[in-house]
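# Fold and geometry: a report
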Protein chains: 2
Amino acid sequence: MSVPPTLLFVPALPPIMNDTPARRIVILTQGHTNPITAKTASCVIRYRGEEVVALLDDTQSGKTARELLGVGGDLPVVGSLEEVAAANTLLVGIAPPGGKIPPEWRPILHEAARRGMEIVSGLHDYLTADESLVATAAQYGAKLRDLRRTEERDVASGQDFAGPALRIHTVGNDCSVGKMLVSMELAQALQRKGHDARFLATGQTGIMVAGDGCPVDSVVSDFLPGAVEKLVRRYEHHEIVVIEGQGSLAHPRYSPVTLGLLHGCRPQGMILCYEVGREAYHGLEPLPLRPLAELRQAYETVAGLVQPARVIGVAMNSRRVSEDEAAEERERIGKELGLPVCDVIRDGPEPLVAAVERLQAELSR
Amino acid sequence: MSVPPTLLFVPALPPIMNDTPARRIVILTQGHTNPITAKTASCVIRYRGEEVVALLDDTQSGKTARELLGVGGDLPVVGSLEEVAAANTLLVGIAPPGGKIPPEWRPILHEAARRGMEIVSGLHDYLTADESLVATAAQYGAKLRDLRRTEERDVASGQDFAGPALRIHTVGNDCSVGKMLVSMELAQALQRKGHDARFLATGQTGIMVAGDGCPVDSVVSDFLPGAVEKLVRRYEHHEIVVIEGQGSLAHPRYSPVTLGLLHGCRPQGMILCYEVGREAYHGLEPLPLRPLAELRQAYETVAGLVQPARVIGVAMNSRRVSEDEAAEERERIGKELGLPVCDVIRDGPEPLVAAVERLQAELSR
């Protein structure tokens, strides 16, 4: 069937402040309300929490977001959309490998469409590709937004960026180590110090939070650096841009996404992100992760094929270890790599802010 | 409009030997009959030449393929399809950046459709996305084949390959340096020595020649290593597979394609390909190419993040220099890198065959 595409597909959630009626978001995490699979939910709660009214998961009904995700305080988990009748947006809050919508979610999506809600998804499985859902949405005036849908078709120029922005890029040894969170926290901390800094989103969650971005892993590989270049050019007039990283250069599944991003944004400085205690690739266990020192060298080598870039700091995610273990790890990695190390949540991002400022001073000399 | 997809899209040209009526191919190179832009034409002439009846380019009508492309002997260049009425296939013979169909070709494509021909294209601009062409094809019984159209949607497993095939992969310092040609020549030379070797195509031209393959640069970046893995698994029962490379790890436009291919096929041995005398990226002049020694190290470093791989030989493309200059270059690069070096056309691929056999012996110890 034919549906006006503008009605069904916009590149991102609108910014928080605008003229549309207030968003009242229910986040769908049915059967997956845990910090790993529901990282999209956690981040939306963290950075757009004032718009979220509930999580939807009938296997966890009655609990709170804090209990299950460690963020969101008393935000309730509900068992059905009926319990939150005032909600006007259903947001798909998980990021499974391959980006597929669990089949058992279809009835919930149809229910939301019948309620005339706006349904927002960042999965590879497009809402707008489901003819029956499209038909229901059209009948009840619901909107379907596929944040990961992209039609990028331009190759990169490879030319120098024209704007002054210092480009900082988060890279990692695996998926789901916190690159988006580190990028957000760093950009916000730079803003607090008076810098004109911007977070540039490159994944579904970041786009939900920032209201703009490029869903890089959905771009056809020939056009990936071109798409990233375009995103950076939209913000190159700022003082500093912090470009969210994806995957890892060493990841057997996602390395091309990581490299297209790296060569498309051509950062001057990189922040190496990892999770303390994780020894194998998330979802590919027991395949062991590579040592941080090897990754640092590999990132600098490969970035340098196009434009020199240096790892200027390390962001450790220490959520699974004690305060003492985190302190010991920070000390050990700092000594091993000779770089500032911090957990942006536990310690705050100040050591990384200082590293960015040092790089900025060095490059302006 | 709705057209049965099987009629319009098959993944590749059928193999040369089959039960369908003989192919009589006209290669469309209108306005672009030169060795660089028309490399698809050159390779199809080189490896499926017995099926080609003419080139179509009314700006060069009356000349021969040899005069314009350096291959194909007296194969004529014609100015219209009328001159080759017996032809049953029109094959798009160029590979422009971005893969767009030149607008001035549309009348020719419609003419071929009205003649009921099969039209084969490997461009990103799909024939089957042009509604008017689809309508004409349906009316006159013509077939449209988009070799680059792909719906790959599986992530890589990252697991070891089960089959015994030794995996050899051609890599390079730029696009259009001859990786496909080197891969074909090496596979054929290995076959002549009695090895059960197969060429695995990863680009439009290779797929036209081989009758199977994966158009890697059209795959959504999240699924690229997965698509390559699948291609290798179809042939892993052979003794040796030679996997055609694409782009370059150092290419500002195409590096994610290169890396997805590298991590998807996880070769044990790599052949480094380059063109003698080329100093800047093709199409991005004057952006300078990186030194071969740096590329060799970068390829080994990045491959090694997933599985160790070594550059075992160098394929130089010396088409632009004299016999003496080629000999001097071969000597110099061989000494600099400590590797066997040859031009597979000028010298024959035997030094690379020997390098593959040495690697095979080493790995079987």
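Residues numbered from 1 in each chain as written. Chains lettered and ligands numbered in written order. Predicted model: local features only at pLDDT ≥ 70, side-chain atom pairs only at ≥ 80, totals over all residues. Heavy atoms only, no water.

This paragraph deals with the domain arrangement of chain A. Residue and element names in this part refer to chain A. You can read the domains of chain A as domain 1 (5–146) and domain 2 (166–364). Across the boundary between the two partners, domain 1 contributes 24 residues, which contact 21 residues of domain 2. Taken over both partners, the interface formed by domain 1 and domain 2 buries close to 1700 Å², and the fraction arising from carbon and sulfur atoms is 61%. It is I36, Y47 and H124 that lose the most area in domain 1 upon contact with domain 2, and together they represent 34% of the buried surface on that side. There are zero salt bridges connecting domain 1 and domain 2. (Domains from an automatic or database assignment. Contact = heavy atoms within 4.5 Å. Buried area = accessible area lost by both parts, 1.4 Å probe. Salt bridge = Lys/Arg side-chain N within 4 Å of Asp/Glu carboxyl O.)

Once that is clear, we can look at the interface of chain B and chain A. Opposite the 44 residues of chain B that make contact, chain A presents 44 residues. Carbon and sulfur atoms make up 58% of the area that chain B and chain A hide from each other, which totals about 3500 Å². It is B:S221, B:D222 and B:L305 in chain B that bury the most area against chain A; as a group they hold 19% of the surface buried on that side. At the boundary of chain B with chain A, the tally comes to two salt bridges. The residue A:R148 makes a salt bridge to B:D222 at a minimum N-O spacing of 3.8 Å. Across the chain B-chain A interface, the total number found is 16 residue pairs in polar contact (both at pLDDT 80 or more). Elements with a contribution of two residues or more to the side of chain B that touches chain A: α8 (224–235), α9 (255–265) and α10 (292–304) of chain B. Among the elements that make up the side of chain B that touches chain A, the one with the highest residue count is α10(B) (seven residues). (Polar contact = N/O pair within 3.5 Å; in protein donor to acceptor, adjacent residues only side chain to side chain. Helix = DSSP H or I, 4+ residues; strand = E, 2+ residues; numbered from the N terminus.)

Of the two same-sequence chains, chain B is brought onto chain A (RMSD 0.0 Å, axial shift 0.0 Å) by a rotation of 180°. Such a combination of rotation and displacement between the chain copies is what one expects of a two-fold axis. When the interface residues of chain B are mapped onto chain A, 100% of them again fall at the interface, so both copies present the same face. (Least-squares fit on C-alpha atoms with pLDDT ≥ 70 in both.)

Moving on, we get to the pattern of salt bridges. When their charged atoms lie close together, side chains carrying opposite charge are able to pair. Residue and element names in this part refer to chain A. For the coordinates displayed, the defined rule picks out 57 salt bridges over all chains. Of the charged contacts, one joins R332 and E329 as a salt bridge, the two residues approaching to 3.3 Å between their closest N and O atoms. With R332 and E329 both in helix α11 (residues 323–337) and three residues apart, the pair spans about one turn of that helix. Overall, R332 belongs to the partly exposed group, its relative accessible area being 46%. The exposure class assigned to E329 is buried, which follows from its relative accessible area of 12%. We note a salt bridge from R332 to E336, for which the minimum N-O separation is 3.7 Å. You can see R332 and its partner E336 sitting in helix α11, four residues apart, about one turn around the helix. (Buried < 20%, exposed > 50% of the residue type's maximum accessible area, 1.4 Å probe, protein only.)

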